[in-house]
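A closer look at the structure
So the chains spell out like this:
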Amino acid sequence: MPSDLPYAADAEVSLSRDELNVLRTQYVKEEPFVTIQTKFNYAWGLVKSNRREEQALGVRLLTEIFRDAPERRRECLYYLALGNFKLGNHVEAKRYNDLLLDREPNNMQARSLNKLIDDKVAKDGLVGLAIIGGAVAVGSVLVGSLLRGSARRR
């Protein structure tokens, strides 16, 4: 997934296990009354992870912040878009990123993430078309063979 876009680094760089453990320890220490900032910091670290289950937890925590703390929604948008992108939820990633770009059209992080999302969707679409095309070709050969076989038996 490497990119030549300088602002898309969050899509490629994760925290070290030690750095993430510092954030996790602070989060656990504050339970059951975790501050929004601690929750955000932990979610941010999780989204940057290269482990899918951690990314999913990060998106869940950010979604909670987005829902429960309207004053923090703007800062959640980029990482919700990034987390969903990394999880392969491209429609959700695009939705959150577009919300951010509506508010901040010159946000370079969001603009570069938008390009990554668009490129990935286009690539996936081409792969999907190739698979469908291959399936249609195989189906056509099978139907043709069946029709020739039944015509010979008559």
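This text goes with the structure placed above it.
A few points on the structure.

What counts and how
Residues numbered from 1 in each chain as written. Predicted model: local features only at pLDDT ≥ 70, side-chain atom pairs only at ≥ 80, totals over all residues. Heavy atoms only, no water. Phe/Tyr/Trp six-rings, centres within 6.5 Å; stacked < 30°, edge-to-face > 60°. Helix = DSSP H or I, 4+ residues; strand = E, 2+ residues; numbered from the N terminus. Buried < 20%, exposed > 50% of the residue type's maximum accessible area, 1.4 Å probe, protein only. Lys NZ or Arg CZ within 6 Å of the ring centre and 35° of its normal. Salt bridge = Lys/Arg side-chain N within 4 Å of Asp/Glu carboxyl O. Expected span 1.5 Å × (residues − 1). Contact = heavy atoms within 4.5 Å. Axes fitted to C-alpha atoms, helices over the stretch in contact; angles between N-to-C directions. Parallel < 35°, antiparallel > 145°, perpendicular 65-115°, else oblique. Left-handed = near helix turned anticlockwise from the far one by under 90°. Nonpolar A, V, L, I, M, F, W, Y, C, P; charged D, E, K, R; others polar. Core = buried A, V, L, I, M, F, W, Y, C linked by side-chain atoms within 4.5 Å.

1. Looking at the packing of aromatic side chains
Tallied over the full model, the rule gives four aromatic pairs. Here Tyr27 and Tyr42 contribute two aromatic rings whose centre-to-centre distance is 4.9 Å and whose plane-to-plane angle is 35°, an arrangement assigned as tilted. A residue pair is termed long-range when its members are at least 10 positions apart, and Tyr27 in helix α1 (residues 17-30) and Tyr42 in helix α2 (residues 36-47) qualify at 15 residues. Like Tyr27, the residue Tyr42 is buried in the burial classification. Pairing Tyr78 with Tyr79 gives two aromatic rings, centres 5.0 Å apart and planes at 85°, and the pair type is edge-to-face. Residue classification places Tyr78 among the buried residues on the basis of a relative accessible area of 3%. Taken together, the aromatic side chains of Phe40, Tyr78 and Tyr79 make up a single cluster linked through ring pairs. One cation-aromatic arrangement involves Arg95 over Tyr96; the distance from NZ or CZ to the ring centre is 4.5 Å.

2. Remarks on the pattern of salt bridges
All chains considered together, the criterion is met by 11 salt bridges. Ionic pairing is found between Lys94 and Asp98, a salt bridge with its closest N-O pair at 3.7 Å. Taken as a pair, Lys94 and Asp98 lie in helix α5 (residues 90-103) at a separation of four residues, close to a single helical turn. Note that Lys94 is salt-bridged to Asp118, the shortest N-O span being 3.2 Å. Of this pair, Lys94 sits in helix α5 while Asp118 sits in helix α6 (residues 108-153), and the two are 24 residues apart along the sequence. The exposure class of Lys94 is partly exposed, given its relative accessible area of 24%. In this structure, a network of salt bridges that share partners links the residues Arg17, Arg24 and Glu54.

3. Section: helix α3 (residues 52-68)
For α3, with 17 residues, the first-to-last C-alpha span of 24 Å sits near the 24 Å given by 1.5 Å per residue. Within α3, burial applies to Glu54, Gln55, Gly58, Val59, Leu61, Leu62, Glu64, Ile65 and Phe66. Contacts made by the buried residues of α3 are with α1, α2, α4 (73-87) and α5.

4. Some points on the packing of α4 against α5
The interhelical angle for the contact between α4 and α5, taken along N-to-C directions, is 155°, at an axis separation of 8 Å. Considering their axes alone, α4 and α5 lie roughly antiparallel with respect to each other. The handedness of the crossing between α4 and α5 comes out as left-handed. Only His90, Glu92, Ala93, Tyr96, Asn97, Leu99, Leu100 and Arg103 of α5 make contact with α4, whose side of the interface consists of Arg74, Leu77, Tyr78, Leu80, Ala81, Asn84 and Phe85. Here the residues of the contact of α4 with α5 sort into nine nonpolar, three polar and three charged.

5. Thoughts on the nonpolar core
Core analysis: the largest hydrophobic core is formed by 33 residues, its most contacted members being Tyr42, Leu62, Cys76, Tyr79, Leu80, Leu82 and Leu113. Elements with a contribution of two residues or more to this core: α1, α2, α3, α4, α5 and α6. It is α4 that contributes the most residues to this core, nine residues altogether.

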